[in-house]
Amino acid sequence: MSGVFTPELANEKEGTFILVANHSLADAKARQLSVDYNLARIRYGLTQLPSHINKCILVYDVRGQRVDDDVIEWLRSSFAHIHELRIEK
């Protein structure tokens, strides 16, 4: 994999970088594609950023969507290993 990686924000002092996901979570297939894509994004990003910037904050922007609590919990479980998952409703 090659290309440019640009997080929305990186904080050198805290060692964090922020990615925003604004994907449809309407059905199981869309949710799985979104998770797979974001996991790949995080993995790739970690290879491109300085080694001290290694904590991902992933923001799921689900405004305008009806997202049930069980889907939110599934997302939290899917990204349990990252530094922080934020859900913007």
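We now turn to the structure provided with this report. Keep in mind that what you see is a predicted model, and the values were worked out from it rather than measured. Starting afresh in each chain, residues are numbered from 1 along the sequence in its written order. The predicted nature of this model means local features are confined to residues of pLDDT at least 70 and side-chain atom pairs, given and counted, to a pLDDT of 80 or more, with totals for whole chains, interfaces and linings taken over all residues. The side-chain values count all of the structure's non-hydrogen atoms but skip hydrogen atoms and water molecules.

1. Structural notes on the packing of aromatic side chains
Under the convention used in this document: Ring pairs shown here join Phe, Tyr and Trp side chains whose ring centres sit within 6.5 Å, with only the six-membered ring taken for Trp; geometry is labelled stacked below 30 degrees between planes, edge-to-face above 60, and tilted in between. The helix and strand labels rest on DSSP assignments: H or I over at least four residues marks a helix, E over at least two residues marks a strand, and numbering proceeds from the N terminus. We call a residue buried when its accessible area falls under 20% of the maximum for its residue type, exposed when it is over 50%, and partly exposed in between, using a 1.4 Å probe and counting protein chains only.
Tallied over the entire structure, the rule returns three aromatic pairs. Centroid distance Phe5 to Phe17: 6.0 Å. Interplanar angle 80 degrees. Geometry classified as edge-to-face. One end of the pair, Phe5, is in the segment before β1 (9-11); the other, Phe17, is in strand β2 (residues 16-21), with twelve residues separating them in the sequence. Given a relative accessible area of 16%, Phe5 falls into the buried group. Ring-pair connections join several aromatic residues into one group, and the members of that group are Phe5, Phe17 and Tyr44.

2. Some remarks on the pairing of strand β3 (residues 55-61)
As a reminder, the rule being used: Two strands pair under a simple rule: DSSP has to find at least two bridges between them. Note on handedness: a crossover is taken as right-handed if, strands pointing away from the viewer, the path from the first strand over the helix to the second is clockwise.
Buried residues dominate β3, accounting for six of its seven residues. Pairing between β2 and β3: six bridges, direction parallel. Opposite Leu19, over in β3, you have Leu58 as the bridge partner. For the handedness criterion, the β-α-β arrangement of β2, helix α1 (residues 28-48) and β3 is classed as right-handed. Examined bridge by bridge, β3 and strand β4 (residues 84-88) share five bridges and lie parallel to one another. The partner of Leu58 across the bridge, within β4, is Leu85. Taking the sense of rotation as the criterion, the β-α-β connection linking β3, helix α2 (residues 69-78) and β4 turns out right-handed.

3. Brief notes about the nonpolar core
Formally: Nonpolar cores were defined as sets of buried Ala, Val, Leu, Ile, Met, Phe, Trp, Tyr and Cys residues, with membership established by side-chain atoms within 4.5 Å.
Of all hydrophobic cores here, the largest spans 23 residues; its most connected members are Leu58, Tyr60, Leu75, Phe79 and Leu85. Those elements that provide at least two residues to this core are β2, α1, β3, α2 and β4. With four residues, the top contributor of residues to this core is α1.

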